[in-house]
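Coordinates in review
Now for the letters of each chain:
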Protein chains: 2
Amino acid sequence: MSTVVNAAALEAEFARAILAASRNVTPAAQETACRHIIDFAGVALAGSVHPRVRLAAGTLAGPLSGGTAGGRLIGSGERTELDTAVMLNAMAGHIHDFDDDEVLLSIAHTTVPVMAAAWTLADALGASGRQVVAAYICGVETMMRLGQIVNPRHYRDGWHSSATLGVFGAAVAAAILQGLDEEALLHALRFATSMSAGIRASFGSDGKALQLGLAARNGIVAARVARAGLRCSAGTLFGEQGYAAMYGGSAQDPAAAIRAFGAPSGLLEPGLTIKRYPCCTATHTAVDAVLGLMREHDIEADRIAALEVDVGVDLPPILIYDRPRSGLEGKFSMKYCVAAAARYGRLGIAEFEDDRVAEAGVQAFMDRVDIRVDHATPRPAVGLADHAKVTLRLADGNVLQRQYAHPSGSRQRPFTADQLQEKFLACATDCLPRAQARDTWTRLLALPATADFRTIAQACVAA
Amino acid sequence: MSTVVNAAALEAEFARAILAASRNVTPAAQETACRHIIDFAGVALAGSVHPRVRLAAGTLAGPLSGGTAGGRLIGSGERTELDTAVMLNAMAGHIHDFDDDEVLLSIAHTTVPVMAAAWTLADALGASGRQVVAAYICGVETMMRLGQIVNPRHYRDGWHSSATLGVFGAAVAAAILQGLDEEALLHALRFATSMSAGIRASFGSDGKALQLGLAARNGIVAARVARAGLRCSAGTLFGEQGYAAMYGGSAQDPAAAIRAFGAPSGLLEPGLTIKRYPCCTATHTAVDAVLGLMREHDIEADRIAALEVDVGVDLPPILIYDRPRSGLEGKFSMKYCVAAAARYGRLGIAEFEDDRVAEAGVQAFMDRVDIRVDHATPRPAVGLADHAKVTLRLADGNVLQRQYAHPSGSRQRPFTADQLQEKFLACATDCLPRAQARDTWTRLLALPATADFRTIAQACVAA
């Protein structure tokens, strides 16, 4: 019994730390949060018109589900049942794999599950911008601290952390926005352990975005039932057969991770990476190197005789497609990503449409690409080894080489405000007219001062 | 890649076996299915008025979720979003822990997740009784065959199989009712791997019934998105980091389990146990023995000086409450279950109300109960060792002893039709007037000949 008692105390400490952090948002954390919330709005707008998301919406928010309801979809403005709207907004946020992520603690796409929950709920409740920011910060940090406890084994074992941890992030964001007290928040966290699911084996298919949708939706459910007075067992998080033990073992010290909550905010340290390309982050350092070398040396693809990429040991099990047959598979193919970057000279949403992947020229170019595991560079103690070294062997015999330890968009190589705006507008105009997209950008910049979040949500509905 | 190719072939074989079984329902399987569907209706009616289920319904089907919709709640007849209705109907079916289960292959409450999905969907679609029976049979068998692959390690590791396997059962039932073809059914199964969650650490709290609700709801989602055309990766079930590997290892041979599908129907062999008492099945053989000895020897509780129970090695990790403080905890306390049976002379829904657990007499009686692990009787190769031996030491020095290998209500010691009706009416009248409950019983008996399932669903709405 003493194990359960200790676990219960630790679980309560976790809930207390989250509530404390929600009341202590620093200006620096708020500023960083806004960048990520804007990035979420952009990628979700682009995703909202994606055919797979429209298919899901057509069935889940369709006639069987019934008429008017409390949730609203980003982009289309369609109304449906709240939890379903959360799910569809999360799918929209992740379908392009263009949303930010964090590779040291959570090894997860942290923003989408948290913001899909916070966004949809704040839109339903008319919350303030400050409340959204606090909910977002606490949700993301929850994913990081739980990730610190179960990772890296959790992710390496095959779990899709964005979903398995995302449900906790969404639950916390929903709990903060709904004003849960410490007791209810504690049980929201415990209920989230009943809902943590998602495996990496689904990568390269609709299952990946769906898993983030489920995580976001389930997080809302966890917070709602806890708020209504349902209660879950002590020990479900940190007990002998609780979440930490079941989903990665208990090698890490949960108490240390919980003590680190918000000090400093995980948004600042280690920070999230805003993606430059709509594909797995693990491809980014290599793509940066290919595009950088080609631009600086003014190289055309047909001058490249061979393209070699040396990657960390963690990458091959993530980048599972050697010869992708679809855009979704291409996002998890290092060979395709570097080949497409070389062939098309850019790597945006369009380069992951199915016909771009099938195109004869890029398929032929893939024969010139060689992916090798770099055993020389040591595996980091935490997180993934996502450095990459690219070697271009040119037809004229010249050899060019570049190595990056961190992708552009990371804390180490952050986007400028212009780069952030450029990405936002490129994404948002997939769904909104350009003038509206520009107006929406301006409104998003003023998020912390926004009295009623519904004005921002309205700005993300195509006029 | 060959592992994934083999896994993909096996996954397709699984889908084919399910569809074939749905077209080959034998009279024996149909008859057994009806008994379990009736039992489901009874326990769900009793659960529909449970305060915790009403709390969940108040929030999940409340104002935030919006107005008219396609799902209907058993008992109250309230309408809400379809997937939410599935969830609440499953919670109602499981809240008393009075629904049937199967301890050899799935180690799960097989009927509730499957029937909550089938019931709610058939009610929305106006399916025929025969379709409901076929969907039910295939859903239950799916849970058993997947359970055969991942168990007993899966359950012993701490997974709540009723939920983790239930999502597959619900997905299959929904797929059959919606007429999915082989390709779509295959992807429904694969999507279910993205949603499989639930841990035993939540036992004794609202989390347990909630997990069955989530499983049933997610199963519907898996079938719906597959039907809409979304697709999931090959290998998510049987690939290297697919479901079977992630949730229990791959010691068992998936191919053998799939070949066994429907031959004979798992409903007939090994069969499910219809519960006589609303508590963990693992307590039933002991409670049978206590009540049997006391009745046959006309013994009052105060004549018992000591009550000893020898149980199989698998039981203590399930029956985790030595001193339960609530009715929900009491359901997972061997000490409470045998003490309450002795003290109250019966063990029904009322004996798990919080004040009955707290009652001084039964608490005092628990001091006279001793639970011991029986290491002499060998652990079975599959399933749980749920036999129990009870020894009553009477104040007058007499000693009475009885041992059961299987609980009453199991295939080995089945309910008579009268016993089934008695349990149904006892449960249903928690919600329906007695005359209506009797009429509902008659309608349920005619399920296979029912042209429109909505007439049966309507009979389970309190007039």
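Residues numbered from 1 in each chain as written. Chains lettered and ligands numbered in written order. Predicted model: local features only at pLDDT ≥ 70, side-chain atom pairs only at ≥ 80, totals over all residues. Heavy atoms only, no water.

Chain A goes by 2-methylcitrate dehydratase in an unreviewed UniProt entry, where it is assigned to Bordetella genomosp. 10. For the record of chain A, the UniProt heading Sequence similarities (unreviewed entry) holds the text "Belongs to the PrpD family." (UniProt positions renumbered as here; feature names shortened; annotations may be inferred.)

Now for unusual backbone geometry. The step from A:Asn151 to A:Pro152 runs through a cis peptide bond, and the omega angle for that step is 0°. B:Pro270 follows B:Glu269 through a cis peptide bond whose omega is 10°. Following the sequence through the fold, B:Pro270 ends up in helix 14 (residues 267-271). Unusually for a residue other than glycine, B:Asp97 sits at a positive phi of about 55°. Residue position: B:Asp97 is located in the loop between helix 4 (82-94) and helix 5 (111-125). Here the phi dihedral of B:Asp298 falls at roughly 50°; this positive angle occurs in a residue that is not glycine. Take B:Asp298: it is sitting in the loop between helix 15 (284-296) and strand 3 (304-311). (Helix = DSSP H or I, 4+ residues; strand = E, 2+ residues; numbered from the N terminus.)

A few words now on a negative patch on the surface. Taken together, the side chains of A:Glu353, A:Asp354, A:Asp355 and A:Asp430 define an acidic patch exposed on the protein surface. Take A:Asp430: its relative accessible area is 39%, and that puts it in the partly exposed class. (Patch = residues over 30% accessible without salt bridge, like charges linked within 9 Å, V, L, I, M, F, W, Y side chains within 5 Å. Areas by Shrake-Rupley, 256 points an atom, 1.4 Å probe, with all protein chains shown as cover. Salt bridge = Lys/Arg side-chain N within 4 Å of Asp/Glu carboxyl O. Lys, Arg positive; Asp, Glu negative; His and termini not counted. Charge placed at Lys NZ, Arg CZ, Asp CG, Glu CD. Buried < 20%, exposed > 50% of the residue type's maximum accessible area, 1.4 Å probe, protein only.)

Glancing now at the pattern of salt bridges. All names here are of chain A. Throughout the structure, instances matching the rule amount to 52 salt bridges over all chains. With a closest N to O distance of 3.4 Å, glutamate 183 and arginine 231 form a salt bridge. Of this pair, glutamate 183 sits in helix 10 (residues 182-192) while arginine 231 sits in the loop between helix 11 (206-228) and helix 12 (243-246), and the two are 48 residues apart along the sequence. By relative accessible area, which is 24% here, arginine 231 ends up partly exposed. Linked through salt bridges whose partners overlap, the residues forming this network are Glu308, Asp310, Arg372 and Arg393.

Residues and elements named next belong to chain B. Taken together, four strands build an open sheet; the order of strands is 4-3-5-6 and the sheet is mixed. Unpaired on one side and paired on the other, strand 4 (369-373) and strand 6 (399-404) mark the two borders of the sheet. In this sheet, adjacent strand axes meet at a mean angle of 15° when their direction is disregarded. Here seven bridges tie strand 3 to strand 5 (residues 388-394), and the two strands are oriented antiparallel to one another. Within strand 5, the residue paired with glutamate 308 across the bridge is threonine 391. Together, strand 3, strand 5 and strand 6 form the strand contacts of helix 15, whose direction differs from that of strand 6 by roughly 140°. Sitting on the sheet, helix 17 (residues 334-344) touches strand 3 and strand 4, and the angle it makes with strand 3 is about 140°. (Pairing = 2+ DSSP bridges. Axes fitted to C-alpha atoms, helices over the stretch in contact; angles between N-to-C directions. Contact = heavy atoms within 4.5 Å.)

Residue and element names in this part refer to chain A. Once the domains are mapped, chain A shows domain 1 (7-268) and domain 2 (281-404). Between the C-alpha centres of domain 1 and domain 2 the distance comes to 31 Å. Tallying the contact residues gives 18 residues for domain 1 and 18 residues for domain 2. Buried surface at the junction of domain 1 and domain 2, summed over both partners, amounts to about 1,500 Å²; 61% is from carbon and sulfur atoms. Put simply, domain 1 and domain 2 have one salt bridge between them. One salt bridge in this structure joins aspartate 314 and arginine 156, with 3.2 Å as the shortest N-O distance. Inspection of the region where domain 1 meets domain 2 yields five residue pairs in polar contact (both at pLDDT 80 or more). When residues of the side of domain 1 that touches domain 2 are traced back to their parent elements, those giving at least two are helix 7 (153-157) and helix 11. (Domains from an automatic or database assignment. Buried area = accessible area lost by both parts, 1.4 Å probe. Polar contact = N/O pair within 3.5 Å; in protein donor to acceptor, adjacent residues only side chain to side chain.)

A turn of α-helix holds 3.6 residues, and therefore any two residues three or four places apart point the same way. All names here are of chain B. For helix 17, the tally of buried residues reaches nine of 11 residues, placing the bulk of the element in the interior. Burial in helix 17 covers these residues: Met334, Lys335, Tyr336, Cys337, Val338, Ala339, Ala340, Ala341 and Ala342. Turning to helix 17, the residues buried within the fold contact helix 15, strand 3, helix 16 (327-330), helix 18 (354-358), helix 19 (360-366) and strand 4. Backbone geometry just downstream of helix 17 places glycine 345 in the positive-phi region, at approximately 75°.

All right, on to the sheet that holds strand 5 (residues 388-394) of chain A then. The pairing of strands in a sheet happens through backbone hydrogen bonds and is either parallel or antiparallel. Residue and element names in this part refer to chain A. Pairing within the open sheet is mixed, and its four strands lie in the order 4-3-5-6. With one partner strand each, in any of the chains shown, strand 4 (369-373) and strand 6 (399-404) form the two edges of the open sheet. On average, adjacent strands in this sheet sit at an angle of 15° to one another, irrespective of strand direction. One ladder, built from five bridges, connects strand 3 (residues 304-311) with strand 4; its direction is parallel.

Here we take up the pairing of strand 5 of chain A. Both faces of the sheet carry side chains from a regular strand, because those side chains alternate between them. Residue and element names in this part refer to chain A. For strand 5, a buried count of five out of seven residues is recorded, marking the element as mostly surrounded by other parts of the structure. One ladder, built from six bridges, connects strand 5 with strand 6; its direction is antiparallel. Within strand 6, the residue paired with alanine 388 across the bridge is tyrosine 404. If you look at the hairpin formed by strand 5 and strand 6, you'll find four residues sitting between the two strands, and glycine 397 has a positive phi there, around 95°.

Bringing the interface of chain A and chain B into the picture now. If you look at the interface, chain A gives 65 residues, while chain B gives 64 residues. Of the roughly 4,800 Å² buried where chain A meets chain B, counting both sides, 60% is carbon and sulfur surface. On inspection of chain A and its partner chain B, the count reaches zero salt bridges. Inspection of the region where chain A meets chain B yields 18 residue pairs in polar contact (both at pLDDT 80 or more).

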